[in-house]
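Summary of the model geometry
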Amino acid sequence: MKRKPKAFFAFLLSLLLFPLLAGCGDSMVEEPVPPKGGQEACVTESTRKNAEERIISGLQAAGNSGFSLLPSLLAGPELSIRESQMKVANATGQPNEDMVIPYAASAVFLPSSCLWPRSITVLSEPTGNQYSQRVLTFTQPSPRSNYKLWSEVVLFPGAQLPFKASGEKRIKFGDQLDAGLIATPQEAVSWYANVLEEGEKSPHLHSFETGDLYLEVQELRSEFSSALSASKGSQKEAFSPQYSSAKILKLESGDLVIVQINSVWTRNAGKGGTAKPATSAEKALFSSSKPSQFLTAKYVNVVALFIPSSSKGTKIEVLGAEREPVSVKAS
C-alpha cells in the first residue's frame, strides 16, 4: 500500500521539528558521552548563565510569599533553608540579607564529565559587604531537568581561599579517593559534625581551622547553658551529616566539599521552667502559645570544607557556612 502524501509530509515535519523542541530550556538535552573533537564541551558557561538568570529572576518573583515557585528553582538543603527564611521574613518584617544572591561570578567550576547528575559551582564576586560573597552550587539530576540551586554557602568574613579561584575551570566532581589528602572527604565531614556537637571535648578539634560556624554554635550553647543551670535544665544538639548528597570538587591542591549537616537542638528548661526560642529566627518559627518545659529546634547547616593535600597543609579549613532553623516546636 502506498503511503498517503499528507501522512508522509506530517512524518517528515515531525523529524525536522524534533531536534528543535529537544533543545528548549536552560539546559540542552545531550547524550551522556564525551564530545567529539571540535565540538562544544558538555556544559558551557552560557548554560550556567542561563540557569542562574532563570533561578535568580524566579526567586525575585517569589519574594517572601511565593512558596509554590520554589520547588522549580531550588533543591537539596537550599529549598528548606529558603522556605524558612521566607517564613521568618514574613513574621519579623526583616528580610535576611543572605536571600539576595550576588550575580557576578569571580570563578566558575564546570564539570569535566558528560554524565549525570551534574553540578556547577560558582564563587560570586565580593561586594561592599564581605558577608555576601558566596559559593553557589547548581545541580542537574537528569538530561531533561532544569538546573536548580542546591546550596548557597556564605563565606566567612576575611576567608582566604586556599585554591585558585578566578575565571572558568573544568574539574572533576565526585568522591573518588585521591592519595595524599590529610583526610578523606567522608572522614572530614564526620569529624566536623563531631566537632560541632562535642566542642572542646571532640578528639577531632585539632584537625580543623574551625571558622565562624563553630564559634556561633559554641557561643549560643554557652549562653543557654548559663540560663538553664539556674533551673537545673539541660540541652543537647545532635549533628547528622548527609554525606551521600555532598558535592565534592577535585582541585589541584585538595578537595572542596559542600555538605549538608542536619542538627536537632533539644532543650529541657527543668522542672517548672519554660523552654524558649534561642534566636529571633527561632521565635518567628515557634508557633506554640502554651508554655512547655521542652523545646526542639531542627536546623539545616551547609558547610564548605577544604581538605588540603598533605604537602599543602596540616588542617582542614572551614571556609563558609549557612545555618538556618527550619522547625521549632514545644515537645
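Since this is a predicted model, take the numbers as computed values, not measurements.

**Brief notes about the overall build of the protein**
Assigned secondary structure in the protein consists of six helices and eleven strands. Considering the protein as a whole, with its 331 residues, one finds that 44% of them fall into the buried category. Pairs at least 24 residues apart make up 65% of the contacts formed inside the protein by residues separated by at least 6 positions. Carbon and sulfur atoms make up 55% of the accessible area of the protein, which amounts to about 17,100 Å² in all.

**Things to note about the packing of helix α4 (residues 185–198) against helix α5 (residues 211–229)**
When two helices pack together, their arrangement is captured by the angle between the axes and the distance separating the axes. Look at α4 against α5: their axes get within 9 Å of each other, and the N-to-C directions meet at 25°. Here α4 is positioned roughly parallel relative to α5, judged by the angle of their axes. Taking contact as the criterion, the partners of Y192, V195, L196 and E197 in α4 are, on α5, L213, Y214, V217, Q218 and R221. Split into classes, the residues belonging to the contact of α4 with α5 amount to six nonpolar, one polar and two charged.

**Points about the confidence of the model for the protein**
In the predicted model, the protein carries a mean pLDDT of 86, and the fraction of residues at 70 or more is 86%. Across residues 1–33, confidence stays below pLDDT 50; counting only partners more than four residues off in sequence or on other chains, it has 27 contacts.

**With respect to α5**
An ideal rise of 1.5 Å per residue puts 27 Å on 19 residues; α5 measures up with 28 Å between its terminal C-alpha atoms. Taken as a whole, α5 has its buried residues at L213, Y214, V217, L220, R221, F224 and L228. Taken around the axis of α5, the buried residues stretch over an arc of 140°, which confines them to a single face. Facing away from the buried side of α5 by over 90 degrees, the exposed positions are E219, E223, S226 and S229. Residues of α5 that are buried in the fold lie against α4, β7 (234–241), β9 (254–268), β10 (294–308) and β11 (316–330).

**Side note on the state of the cysteines**
Applying the stated rule across the entire model yields one disulfide. Note that C42 is cross-linked by a disulfide to C114, the S-S spacing being 1.5 Å. Torsion about the S-S bond of the C42 and C114 cystine: about 75°, corresponding to right-handed handedness. Pair noted here: C42 is in the loop between α1 (5–22) and α2 (45–62) and C114 is in the loop between β1 (105–111) and β2 (118–124), with a separation of 72 residues, a long-range link. C42 sits in the buried class, given a relative accessible area of 13%. Classification of C114 by relative accessible area gives buried; the value is 7%.

**Here we look at the nonpolar core**
Soluble, globular proteins show a tendency: their nonpolar side chains are buried together. Counting residues in hydrophobic clusters, the biggest one holds 26 residues, and the most contacted among them are Y192, L213, V257, V303 and L305. Counting residues per element, the ones that place at least two in this core are α4, α5, β9, β10 and β11. Take this core: its biggest share by element is six residues, from α4. Non-local contacts of V257, meaning those with residues more than four positions away in its chain, are made with P185, V189, A246, K247, I248, V303, A304, L305 and I307. Of all hydrophobic cores here, the second largest spans 22 residues; its members include I55, L59, L74 and M86.

**Examining the packing of aromatic side chains**
Here the structure, examined in full by the defined rule, presents four aromatic pairs. The interplanar angle of 70° and the centroid separation of 6.3 Å between the aromatic rings of F109 and F163 together place this pair among those described as edge-to-face. Of the two residues, F109 is situated in strand β1 and F163 in the loop between β4 (148–155) and β5 (167–173); the sequence distance between them amounts to 54 residues. Comparing F109 with F163, the two get one shared label, buried. When the centroid spacing of 5.2 Å and the interplanar angle of 50° are considered together, the rings of Y192 and F208 count as tilted. Pair noted here: Y192 is in helix α4 and F208 is in strand β6 (residues 208–209), with a separation of 16 residues, a long-range link. When its relative accessible area of 0% is taken as the criterion, Y192 is described as buried.

**Some thoughts on the pattern of salt bridges**
For the structure shown, the criterion picks out eleven salt bridges. We note a salt bridge from E168 to R170, for which the minimum N-O separation is 3.9 Å. One salt bridge connects E237 with R323, and the closest N-O pair in it is separated by 3.1 Å. Here the residue E237 occupies a position in strand β7, and R323 occupies one in strand β11, the gap between them amounting to 86 residues. Like E237, the residue R323 is buried in the burial classification. Through salt bridges with shared partners, one network takes in E45, R48 and E52.

**Details of the side chain of E197**
One can find E197 in helix α4. Polar side-chain contacts of E197 include one of 3.0 Å to the backbone nitrogen of F239. Not counting residues up to four positions away in its chain, the partners in contact with E197 are R221, K236, E237, A238 and F239.

**A few points about α2**
Taking 1.5 Å of rise per residue, 18 residues should cover 26 Å, and α2 covers 26 Å from first to last C-alpha, within 8% of that figure. Residues of α2 that are buried: E45, T47, R48, A51, E52, I55, I56, G58, L59 and A62. One side of α2 holds all its buried residues, which, seen down the axis, span an arc of 165°. Relative to its buried face, α2 has exposed residues pointing more than 90 degrees away, namely Q60 and A61. For α2, the secondary structure elements touched by its buried residues are α3 (76–92), β1, β2, β3 (134–140), β4 and β5. Of the residues trailing α2, G63 is marked for its positive phi of about 55°.

Rules and cut-offs
- Residues numbered from 1 in each chain as written.
- Predicted model: local features only at pLDDT ≥ 70, side-chain atom pairs only at ≥ 80, totals over all residues.
- Heavy atoms only, no water.
- Helix = DSSP H or I, 4+ residues; strand = E, 2+ residues; numbered from the N terminus.
- Buried < 20%, exposed > 50% of the residue type's maximum accessible area, 1.4 Å probe, protein only.
- Contact = heavy atoms within 4.5 Å.
- Areas by Shrake-Rupley, 256 points an atom, 1.4 Å probe, with all protein chains shown as cover.
- Axes fitted to C-alpha atoms, helices over the stretch in contact; angles between N-to-C directions.
- Parallel < 35°, antiparallel > 145°, perpendicular 65-115°, else oblique.
- Nonpolar A, V, L, I, M, F, W, Y, C, P; charged D, E, K, R; others polar.
- pLDDT = per-residue confidence, 0-100.
- Expected span 1.5 Å × (residues − 1).
- Arc of directions from axis to C-beta.
- Disulfide = S-S within 2.5 Å.
- Core = buried A, V, L, I, M, F, W, Y, C linked by side-chain atoms within 4.5 Å.
- Phe/Tyr/Trp six-rings, centres within 6.5 Å; stacked < 30°, edge-to-face > 60°.
- Salt bridge = Lys/Arg side-chain N within 4 Å of Asp/Glu carboxyl O.
- Polar contact = N/O pair within 3.5 Å; in protein donor to acceptor, adjacent residues only side chain to side chain.

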